[in-house]
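# Coordinates in review
In case you want the letters, here they are:
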Amino acid sequence: MDEITGPEAGWERVVLHVDMDAFFAAVEVLDQPDLAGRPVIVGGSGARGVVASCTYEARAFGVRSAMPSVRARRLCPDAVFVDGHYARYSEVSRELHRLFAEVTPLVEPIGLDEAFLDVTGARRLLGSAETIARGIRDRVRTVLALDCSVGVGRSKMVAKLASRAAKPVATRQGVRPGPGVVVVAPEAETAFLHPLPVRALWGVGPATGDRLAGLGIATVGDLAALPEDIVVRHFGQAQGTHLAQLARGVDPGPVVADRAAKSLGHEETFRSDIADLAELGRHVVRMSESVARQLRDAGLAGRTVTVKVKFSDFTLITRSHTLGFLVDTAPALATVATALLEAVELRAGVRLLGVSVSGFEDLPSTEQLAFSLAGPEPEDVPEGPAGDDGAERLAPAARAARLQANWRELTAAVDAIRSRYGKTAVGPAALVGEHGVEVPGRRDAPWGPSAEAPP
Ligand SMILES: [Mg+2]
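Summarised in this report is the structure supplied together with it. (Residues numbered from 1 in each chain as written. Predicted model: local features only at pLDDT ≥ 70, side-chain atom pairs only at ≥ 80, totals over all residues. Heavy atoms only, no water.)

### So, the side chain of T338
Inspection of the secondary structure puts T338 in helix α14 (residues 330-342). A residue is classified by how much of its surface remains accessible, and T338, at 11% relative accessible area, is buried. At a separation of 2.6 Å, a polar atom in the side chain of T338 contacts the main-chain carbonyl oxygen of A334. The residues contacting T338, other than those within four sequence positions of it, are V284 and V285. (Helix = DSSP H or I, 4+ residues; strand = E, 2+ residues; numbered from the N terminus. Buried < 20%, exposed > 50% of the residue type's maximum accessible area, 1.4 Å probe, protein only. Polar contact = N/O pair within 3.5 Å; in protein donor to acceptor, adjacent residues only side chain to side chain. Contact = heavy atoms within 4.5 Å.)

Here you go:
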């Protein structure tokens, strides 16, 4: 193999961190060009909604993601609230990850709009890390008409901090474009890291940050100046060593390619708490439709269904069931999720409800599936003796198996029609399963209800 020469010859590893700028909000502006240049907030506009993403024009007013929408509106009364379109973001995300795959197979996706790329070897073909970084930025702009920022370093941590430094900056005075690409060479790491607040380091959360502040440590440089044995004395061997290393830019974590998603789900915070089981059941059915659609969009199917319930006093309960087959259709998912919900004791109003699927495996082709799941005829499915606890759990699973088999093919046809002619092309009748599956809601965002959404 050729030796890498030039300015990056001494890098033991070259990592890129690519991060889309204000991703959800930028996609909304792309799809609704009249929003360009305006403070746009994607999220739940209702009393309990949360900001999922916002444009830099909104950030100039101090609005940030994960902020309660009520506060965001107070900071920026002229902000335009937009409902999120998760399926659309997934679609753009898939395009984005296709672009990453053009550069290197060593891609570690972090979320829909972020990834680490190990380009140590790719430089032989594609040029320097900076050339690759600028190339990705240009490709993303050309193909997706969206902006991203790219950080380059010899570790994931430095690359991530560098991409943040590459971002546009929103201040009261307005939005200033960022450099877009920031390369932190090993010899420049100290100068780059030391002025940063110590909380910028990985693994320094609010509690550790407070303790460090108590020791008079505000910046990464302050921490790096502290002898390691003193850091260890205060934070213990494991965390102390880790902190001292991070402050010196040492982060040995490799880029882990193809780290598969572990679960896919949908959860919502309600505008007001819901105590009625039937009403919750209708939400579970609607969420199941959304999750099933996301699964199929992602080409995933899973065995484990989980329902998450947060009560008005913020206690959280999750109930899971692992099936003997893979699920990716709404009627099957809704059947299992409904049974799980019914097993939860509703001792208080429900504030948040979620449905998710995990335990992913490749779904066999429709033909194989029809063969493997056609299985026993409905009347042959053992449901156990009536009244037995186990039977009550088995019955929904058996029903779900039948529904999954029956709906798999039809669902594929519905998806094809919808993606060609739009969501409303196939009416509710096609989606009514054994339990009366409803059409998906207009909103498919997981961050709380809009002001205008029906209660
Ligand atoms: Mg981002």
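### Considering the sheet that holds strand β1 (residues 15-20)
The strand order across the open sheet built from 5 strands is β5-β6-β1-β7-β10, with neighbouring strands paired in mixed fashion. Across the chains shown, the open sheet's two edge strands, defined by having one partner strand only, are β5 (107-111) and β10 (181-183). Across the sheet, the mean angle separating the axes of adjacent strands is 15° when strand polarity is ignored. Note: β5 against strand β6 (residues 114-118), 4 bridges, orientation antiparallel. Within β6, the residue paired with V107 across the bridge is L117. (Pairing = 2+ DSSP bridges. Axes fitted to C-alpha atoms, helices over the stretch in contact; angles between N-to-C directions.)

### A short note on the packing of aromatic side chains
What the rule picks out here adds up to 4 aromatic pairs. Where F23 meets F24, the ring centres are 5.8 Å apart and the plane angle is 50°; that geometry is what we call tilted. Given the relative accessible area of 15%, F24 is considered buried. An angle of 10° between the planes, with centres 4.2 Å apart, marks the rings of F24 and Y89 as stacked. (Phe/Tyr/Trp six-rings, centres within 6.5 Å; stacked < 30°, edge-to-face > 60°.)

### Some remarks on the coordination of the magnesium ion
Ideal coordination angles are 109.5 degrees for a metal with four donors arranged tetrahedrally and 90 or 180 degrees for a metal with six donors arranged octahedrally. In the first shell of the magnesium ion, the protein supplies D19 (OD), M20 (O) and D113 (OD), at 2.2 to 2.5 Å from the metal. Here the donor residues of the magnesium ion share one chain and are spaced in sequence as D-M-x92-D. Of the two residues, M20 sits in strand β1 while D113 sits in the loop between β5 and β6, which places them 93 residues apart along the sequence. The exposure classification of M20 matches that of D113, with both residues buried. (Donors = N, O, S within 2.8 Å, 3.2 Å for Na, K, Ca; no water.)

### So, unusual backbone geometry
We note that A66 has phi near 75°; this positive angle belongs to a residue other than glycine. Inspection of the secondary structure puts A66 in the loop between α2 (56-59) and α3 (69-75). Its identity as a non-glycine residue notwithstanding, A145 has a phi of 60°, on the positive side. As for its position among the elements, A145 is in the loop between α6 (129-144) and β7 (148-153).

### A few points about the sheet that holds strand β3 (residues 51-54)
Taken in spatial order, the 3 strands of this open sheet run β3-β2-β4, and their pairing is mixed. Two strands in the sheet have a free side with no partner beyond their single neighbour: β3 and β4 (80-82). Each neighbouring strand pair of the sheet contributes to a mean axis angle of 30°, computed without reference to strand direction. Where strand β2 (residues 40-43) lies against β4, 3 bridges are found, and the strand directions are parallel.

### Some words on helix α13 (residues 277-297)
Here α13 spans 30 Å end to end across 21 residues, near enough to the 30 Å set by a 1.5 Å rise per residue. In terms of burial, α13 is a largely internal element, 16 of the 21 residues being buried. Phi turns positive, to about 70°, at G299, one or two residues after α13. (Expected span 1.5 Å × (residues − 1).)

### Some details on helix α11 (residues 228-235)
All of the buried residues in α11 are V231, V232 and F235. End-on view of α11: buried residues confined to an arc of 100°, all on one side of the axis. The inward-facing, buried residues of α11 abut α9 (206-214), α10 (220-225) and α12 (237-247). Backbone geometry just after α11 places G236 at a positive phi near 85°. (Arc of directions from axis to C-beta.)

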